[in-house]
Amino acid sequence: MSERTDIDALIDLMARLPGLGPRSARRAVLHLIRKRALLLTPLADLMQTVAATARECLNCGNIGTGDICTICADEKRANGLLCVVEDVADLWAMERSATFKGRYHVLGGTLSALDSVGPEELRIPRLIHRVDAEEITEVILALNVTVDGQTTAHYITDQLEGRVTLSSLAQGVPIGGELDYLDDGTITAALNARKRIE
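If you check an unreviewed UniProt entry, the protein chain appears there as Recombination protein RecR from Puniceibacterium sediminis. A UniProt comment under Function (unreviewed entry) is attached to the protein chain, and it reads "May play a role in DNA repair. It seems to be involved in an RecBC-independent recombinational process of DNA repair. It may act with RecF and RecO." According to its UniProt record, the protein chain has this under Sequence similarities (unreviewed entry): "Belongs to the RecR family."

The following block contains the structure:
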């Protein structure tokens, strides 16, 4: 039996990444090795830097390289709008759209009785504090349309009702979506959120 190498260990680590299995990890590692100067060395250097500097923003929970992320530090984004998301991946997805120009609040998950996750395990108390401290005028709940996501949205609504305008993302048919491929819940949400054509 052959001896395990650092390359094998790298493949095993890469296979643990979301979306990569053992076969994809082998291909990725082989590609990196073949492009050592162009990809592998700069990637290794950047990974070492990020490992040393990445941290959660103390204000919103985003990931950045300082105690306060660039979004929270940007005064132009202090416009009274606060978008609440479940995790950093959701924040980054919203940022990719380049549509929202306010600030964010990352909860760090959703309420879940089954998993014993209550408001104190999430950043809900911090959210309530921010609404008061930062002169927030509207909180946009951009939570996933799951049982736990909707439970969390209802809880936050109860906590903030009367203090601030509350809204949620529209739900329904995605752009380019075909009705035949949509689930019943999405079709129902789209029908209920229909708007007049003008």
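Alright, that's what it looks like, and here's the rest.
(A) Looking closely at the environment of Lys-35. When you line up the elements, Lys-35 lands in the loop between α2 (22–34) and α3 (36–53). Given a relative accessible area of 38%, Lys-35 falls into the partly exposed group. Measuring from C-alpha to C-alpha, the distance between Lys-35 and His-154 comes to 50 Å, with 119 residues separating the pair along the chain.

(B) Structural view of the UniProt feature "domain: Toprim" (unreviewed entry) in the protein chain. If you check UniProt for "domain: Toprim" (unreviewed entry), the listed places come out as residues 80–174 in our numbering. Structurally, residues 80–174 is divided into 36% helix and 18% strand, and its ends, taken at the C-alpha atoms, are 28 Å apart.

(C) Representation of the sheet that holds strand β4 (residues 103–106) in the model. Reading across the sheet, the four strands line up as β4-β3-β5-β6 and stay open at both edges, with parallel pairing between neighbours. Taken across any chain shown, the strands that pair with only one partner, and hence form the sheet edges, are β4 and β6 (165–168). On average, each strand axis in the sheet is inclined to that of its neighbour by 25°, with strand direction left out of account. Alignment of strand β3 (residues 81–85) against strand β5 (residues 138–141), held across four bridges, turns out to be parallel. Across the sheet, residue Cys-83 finds its bridge partner in β5, namely Ile-140. Relative to β4, helix α5 (residues 88–97) is tilted by about 160°, and along the sheet it contacts β3 and β4. Along the sheet, helix α6 (residues 124–133) contacts β3, β4 and β5; its crossing angle with β4, the most-contacted strand, is approximately 155°.

Criteria and cut-off values
- Residue numbering note: each chain is counted from 1, following its sequence as written.
- With pLDDT at 70 or above as the cut-off, local features in this predicted model cover only qualifying residues; side-chain atom pairs require 80 or more to be listed or tallied, and sums for whole chains, interfaces and linings still use all residues.
- By convention in this description, side-chain values take in all heavy atoms of the structure and omit both hydrogens and water.
- UniProt positions are given in the numbering used here, feature names are shortened, and annotations may be inferred rather than shown by experiment.
- Per the convention used, a helix needs a DSSP run of H or I reaching at least four residues, while a strand needs a run of E reaching at least two, with both numbered from the N terminus.
- Burial here depends on accessible area, computed with a 1.4 Å probe over protein chains only, as a share of the maximum for the residue type. Under 20% is buried, over 50% is exposed, and the range in between is partly exposed.
- Here the rule is simple: two strands pair whenever DSSP picks up at least two bridges between them.
- Axis lines are fitted through C-alpha atoms, for helices just across the contact stretch, and the angle between N-to-C directions can take any value from 0 to 180 degrees.
- When checking whether two residues touch, look at their non-hydrogen atoms; a contact exists if any pair is within 4.5 Å.

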